[in-house]
Amino acid sequence: LVATPFQVATGKEFDVVLVQDLSGSFGDDLSYFKNNNTIASLTDNVSARLPGTYFGVTSFVDKPVAPFGLLATDDYSYLTNLALTSNSVVVQNTVNALQLRYGGDTPESQLEALLQIALRQEEVGFRDGSKRDVFLMTDAGFHFAGGRGCYFTAPLFECQQKSYSCSISFDPPF
């Protein structure tokens, strides 16, 4: 982890979303976060400096279609694993429960994950007026327009949950 100084205006609540890569290549890194209580240390240190800080856990793998990832291995572009909470033990336990997936190519879906965090403010649990930050944990770059990409007209997890039919076309110009 890289420690960087930060300041939050007095009286501002601080909401931090951990955005975790769960593609197969991140296995050695994920075990570090699980086995060394790295997340608990992070949450405790930030909370000591900024009491009342809430943390949430989200994750991404890759688009669950070949050649990016596989639906058969439960790959997904975004998931809210834990809405924002002040309980650092629950945050560490959530990270400890994360399971690696596949992610068939090197680039991953972190851009879609960041977009979904911004769009799903209520689901993530952002508090009104809070300072919002994300800690992105990954070992790979992202898919980009023109780079063997695909774009779902609706997010695939919504398609699966609501039985939409999704069409695959060209990348959006990120």
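Structure report, in brief. The structure displayed is predicted, hence computed values, not measured ones. (Residues numbered from 1 in each chain as written. Predicted model: local features only at pLDDT ≥ 70, side-chain atom pairs only at ≥ 80, totals over all residues. Heavy atoms only, no water.)

Looking now at the environment of Ser88. Its location among the elements puts Ser88 in helix H3 (residues 88-97). For the pair Ser88 and Asp44, spaced 44 residues apart in sequence, the C-alpha to C-alpha distance is 6.9 Å. Each residue touching Ser88, except ones within four places of it in the same chain, is listed here: Thr43 and Asp44. Here Asp44 takes part through its side chain, which lies 3.1 Å from a polar atom of the side chain of Ser88. (Helix = DSSP H or I, 4+ residues; strand = E, 2+ residues; numbered from the N terminus. Contact = heavy atoms within 4.5 Å. Polar contact = N/O pair within 3.5 Å; in protein donor to acceptor, adjacent residues only side chain to side chain.)

Right, let's talk about helix H2 (residues 38-49) for a bit. Spanning 12 residues, H2 covers 17 Å between terminal C-alpha atoms, matching the ideal 16 Å at 1.5 Å per step. Within the sequence span of H2, burial applies to Thr38, Ile39, Ala40, Leu42, Thr43 and Val46. (Expected span 1.5 Å × (residues − 1). Buried < 20%, exposed > 50% of the residue type's maximum accessible area, 1.4 Å probe, protein only.)

If you walk across this open sheet you meet the 4 strands as S3-S2-S1-S4, and the pairing is mixed. Every other strand in the sheet has two partners, leaving strand S3 (79-85) and strand S4 (131-137) as the edge strands with one partner each. In this sheet, adjacent strand axes meet at a mean angle of 15° when their direction is disregarded. With 7 bridges joining them, strand S1 (residues 14-21) and strand S2 (residues 54-60) adopt parallel strand pairing. Bridge pairing links Asp15 to Tyr54 in S2. (Pairing = 2+ DSSP bridges. Axes fitted to C-alpha atoms, helices over the stretch in contact; angles between N-to-C directions.)

What follows deals with the pattern of salt bridges. The tally for this structure, following the rule as stated, stands at 3 salt bridges. One salt bridge connects Arg127 with Glu13, and the closest N-O pair in it is separated by 3.5 Å. Of the two residues, Arg127 sits in the loop between helix H5 (121-124) and S4 while Glu13 sits in the segment before S1, which places them 114 residues apart along the sequence. Residue Arg127 is classed as buried on the basis of its relative accessible area of 15%. A relative accessible area of 35% means that Glu13 is categorised as partly exposed. Where Arg127 meets Asp15, a salt bridge forms, and the shortest distance between an N and an O atom there is 2.6 Å. (Salt bridge = Lys/Arg side-chain N within 4 Å of Asp/Glu carboxyl O.)

Let us look at the packing of aromatic side chains. Considering all chains together, one arrives at 1 aromatic pair under this definition. When the ring of Tyr32 is compared with that of Phe33, the centres are 5.9 Å apart and the planes differ by 70°; the resulting orientation is edge-to-face. Its relative accessible area of 8% is what places Phe33 among the buried residues. Lying across the ring of Tyr54, Arg127 places its NZ or CZ 3.7 Å from the centre. (Phe/Tyr/Trp six-rings, centres within 6.5 Å; stacked < 30°, edge-to-face > 60°. Lys NZ or Arg CZ within 6 Å of the ring centre and 35° of its normal.)

On to the nonpolar core, then. Counting residues in hydrophobic clusters, the biggest one holds 20 residues, and the most contacted among them are Leu18, Ile39, Val57 and Val91. In contact with Val57, other than residues within four places in its own chain, are Leu18, Thr80, Asn81, Leu82, Val91, Thr94, Val95 and Leu98. Membership of the second largest hydrophobic core comes to 9 residues, among which are Val17, Val19, Phe60 and Tyr78. (Core = buried A, V, L, I, M, F, W, Y, C linked by side-chain atoms within 4.5 Å.)

One can describe the packing of H2 onto H3 by two numbers: an axis separation of 8 Å at closest approach and a directional angle of 150°. The orientation of H2 relative to H3 falls into the category roughly antiparallel. The interaxial crossing formed by H2 with H3 has right-handed handedness. Contacts between H2 and H3 involve Thr38, Ile39, Ala40, Thr43 and Asp44 on the former and, on the latter, Ser88, Val91, Gln92 and Val95. Here the contact of H2 with H3 is composed, by residue class, of 4 nonpolar, 4 polar and 1 charged. (Parallel < 35°, antiparallel > 145°, perpendicular 65-115°, else oblique. Left-handed = near helix turned anticlockwise from the far one by under 90°. Nonpolar A, V, L, I, M, F, W, Y, C, P; charged D, E, K, R; others polar.)

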